[in-house]
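# Observations on chain architecture
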Amino acid sequence: MPATVLEAIQIPTATRILDNGLTVVVHEDRTSPIVAVHLMYHVGSKDERPGRTGMAHLLEHLLFEGTVNAPKGEFDRLLEGVGGSNNGSTWLDRTNYYETVPSHAVKLALWLERERMAYFVPMLDAEMLEVQRGVVINERKQSYENRPYGLADERLSQLVFPPEHPYSWPTIGYTPDLEAISLQDAQTFFEKYYTPSNSVLVLAGDVSSEEGWAMAEEFFGDIPAGPALTRTEAQVVPNTGERTEVMTDRVSFPRFHRAYPVAAYGTDDWTALDVLSYVLADGESSRLQRQIVRETQLAQDIDTFLYPTELSGVFGIVATARAGVSVDRLKEAVDEVISQVAQNGVSVDEVESAIRRARRDHLAGLATVEDRADEIAYATTVLGSADALQRTLNAYAHVTSDDVQNAAQRWLAPDNGATLNVVPEVKEAK
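Just so you know, these numbers come straight off a predicted model, no measurement behind them. (Residues numbered from 1 in each chain as written. Predicted model: local features only at pLDDT ≥ 70, side-chain atom pairs only at ≥ 80, totals over all residues. Heavy atoms only, no water.)

### Re the packing of helix 9 (residues 268-281) against helix 15 (residues 401-411)
At a minimum axis distance of 9 Å, the contact between helix 9 and helix 15 shows a crossing angle of 100 degrees. Taken together, the axis directions place helix 9 and helix 15 in an arrangement best described as roughly perpendicular. Where helix 9 approaches helix 15, its residues Asp-269, Ala-272, Leu-273, Val-275 and Leu-276 are matched on the opposing element by Asp-403, Val-404, Ala-407, Ala-408, Arg-410 and Trp-411. Counted by class, the contact of helix 9 with helix 15 contains 8 nonpolar, no polar and 3 charged residues. (Axes fitted to C-alpha atoms, helices over the stretch in contact; angles between N-to-C directions. Helix = DSSP H or I, 4+ residues; strand = E, 2+ residues; numbered from the N terminus. Parallel < 35°, antiparallel > 145°, perpendicular 65-115°, else oblique. Contact = heavy atoms within 4.5 Å. Nonpolar A, V, L, I, M, F, W, Y, C, P; charged D, E, K, R; others polar.)

Given below as structure tokens:
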């Protein structure tokens, strides 16, 4: 029986694939006279290779440096002139660039993205590469190396995944690899992945499907498709026994990190695991919050996360110990809660409440046309169609308490995880 009954989430879309392989998705919403233009490339840090990590993120930085017909600064100047905005980001499975503009300025945003796709390489030179290489290396120092607990996620990924797995290295890359990237490396990476056949264009807002498809054809239809790519298949990481490590850092309190390689985004098991994450740590009534934070007062805070990633999902737990509590004691308490779920299951009421809280967050994450454009682009990119987003969101209503227990038993087994304990450095006596 379904865990609960919910009204289906409707996200109407219309899709057309141009002759050069560009997938164009239009989500019409006439509520406001704005359009979100979202161009997502199916390339991220997973498409790099050891020795050249950080390439996707560095290239994203470079693509804000201007093109043949829109030199540096022109993107911002032109978009701000019409009341628009723009940005971009890189992750494990994708790189995206996006603008929000008044509906009369959609063609400007599309022209700028055409510039990125078709007229960037002639502007790429050694000076530009060196400047942005320095920016990224400095970003790594500030966000990772010089931040409390900053290297924990990087090391945890290395423990969870074998060295050859493309999720084992960080999106920002390693400093020696960034230093080794050549101008030819950057150009080759761009020409391989920044192509119509490897991208999804979403127009969300005050635009019809016919208008959107016509504009996409006008600005992108003449760009060559690009090379055929071989995709890395989804991978189940074999259980090799729990990996545990201790890392010292300049922190005041110990922190417990646990991660498991789990089912990929869009699968039934992934959805059940997401419901489990709400059962465990969302709200004061959740199991970990109640038992670890409030009742035993072992942790100051505790949270779970689940990556919606393409090759393998990642389920994680992070908890900061209270003063005087060891990470070993914290780990035992967390393990006990996970064991309770795996052995005894969860109640129907817990699952129904978790699903409703997940629905709350889903609706909040779809509130604006920018949000919807991003979600539609990602689902189309990694799941293969815009309709997959709607299917995935509505699958939660069919998750049962048995599904949650089975997911905990299969994926959160002790021999399927990696643990990283970050503890304060011991200061040497003078």
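### Some thoughts on the pattern of salt bridges
All chains considered together, the criterion is met by 25 salt bridges. Two residues, Arg-290 and Glu-295, come together in a salt bridge whose shortest N-O distance is 3.9 Å. Take Arg-290: its relative accessible area is 25%, and that puts it in the partly exposed class. The exposure class of Glu-295 is exposed, given its relative accessible area of 53%. Salt bridges sharing common partners tie together Glu-28, Arg-30, Asp-206 and Glu-211. (Salt bridge = Lys/Arg side-chain N within 4 Å of Asp/Glu carboxyl O. Buried < 20%, exposed > 50% of the residue type's maximum accessible area, 1.4 Å probe, protein only.)

### Structural notes on the sheet that holds strand 4 (residues 85-90)
Spatially, the 6 strands line up as an open sheet ordered 1-2-6-3-5-4, and their pairing is mixed. For this open sheet the edge positions go to strand 1 (14-17) and strand 4, each flanked by a neighbour on one side alone. Between one strand and the next, the sheet's axes are offset by a mean angle of 15 degrees, whatever the strand orientation. In this fold helix 3 (residues 106-118) packs onto strand 3 (34-41), strand 4, strand 5 (95-102) and strand 6 (199-205), with an angle of close to 155 degrees to the strand it touches most, strand 5. (Pairing = 2+ DSSP bridges.)

### A few points about the nonpolar core
If you look at the biggest cluster of nonpolar residues, it comprises 64 residues, and the most contacted ones within it are Leu-273, Leu-280, Leu-288, Ile-292, Phe-315 and Ile-317. With 9 residues, the top contributor of residues to this core is helix 9. Setting aside anything within four residues of it in sequence, one finds Leu-288 in contact with Leu-280, Ala-281, Val-293, Ile-302, Thr-304, Ile-317, Val-334 and Val-337. Among the nonpolar cores identified, the runner-up in size contains 50 residues, and Val-43, Ala-56, Val-106 and Phe-190 belong to it. (Core = buried A, V, L, I, M, F, W, Y, C linked by side-chain atoms within 4.5 Å.)

### As for helix 9
Between its terminal C-alpha atoms helix 9 stretches 20 Å, which fits the 20 Å expected from 14 residues at 1.5 Å a residue. Of all the 14 residues making up helix 9, 12 are buried; the element is thus mostly covered by neighbouring parts of the structure. Of the residues making up helix 9, those classed as buried are Trp-270, Thr-271, Ala-272, Leu-273, Asp-274, Val-275, Leu-276, Ser-277, Tyr-278, Val-279, Leu-280 and Ala-281. Gly-283 occupies a position one or two residues after helix 9 and carries a positive phi of about 90 degrees. (Expected span 1.5 Å × (residues − 1).)

### Quick word on the pairing of strand 9 (residues 299-307)
In terms of strand pairing, strand 9 meets strand 10 (residues 313-321) through 8 bridges, oriented antiparallel. Residue pairing across strands places Phe-305 opposite Gly-316, the latter belonging to strand 10. Between strand 9 and strand 10, which pair antiparallel one after the other, the connecting turn spans 5 residues.

### Describing unusual backbone geometry
In the Ramachandran plot, Tyr-149 falls in the positive-phi region, its phi being about 65 degrees despite a non-glycine side chain. Tracing the backbone shows Tyr-149 in the loop between helix 4 (126-145) and helix 5 (152-160). Residue classification places Tyr-149 among the buried positions, given a relative accessible area of 13%. We note that Gln-297 has phi near 55 degrees; this positive angle belongs to a residue other than glycine. Residue Gln-297 is classed as partly exposed on the basis of its relative accessible area of 48%.

### Some points on the packing of aromatic side chains
In the structure shown here, the tally under the stated rule is 14 aromatic pairs. Look at Trp-91 and Tyr-378: their rings are 6.5 Å apart centre to centre, the planes differ by 50 degrees, and that puts the pair in the tilted class. Here the residue Trp-91 occupies a position in the loop between strand 4 and strand 5, and Tyr-378 occupies one in helix 13 (residues 369-383), the gap between them amounting to 287 residues. An aromatic cluster of three or more residues is present, and its members are Tyr-41, Phe-64, Tyr-97, Phe-120, Phe-190 and Tyr-194. Taking the ring centre of Tyr-144 as reference, the NZ or CZ of Arg-140 above it sits at 5.8 Å. Of note, Arg-255 hangs over the ring of Tyr-149, and the distance from its end group to the ring centre comes to 3.7 Å. (Phe/Tyr/Trp six-rings, centres within 6.5 Å; stacked < 30°, edge-to-face > 60°. Lys NZ or Arg CZ within 6 Å of the ring centre and 35° of its normal.)

### A look at the pairing of strand 8 (residues 255-262)
Buried residues dominate strand 8, accounting for 7 of its 8 residues. Inspection of the sheet shows strand 8 paired to strand 10 by 8 bridges, in the antiparallel sense. Within strand 10, the position partnered with Ala-259 by the bridge is Gly-316. By the bridge criterion, 5 bridges tie strand 8 to strand 11 (residues 418-424) in an arrangement that is antiparallel. Paired with Arg-255 across the bridge in strand 11 is Val-422.

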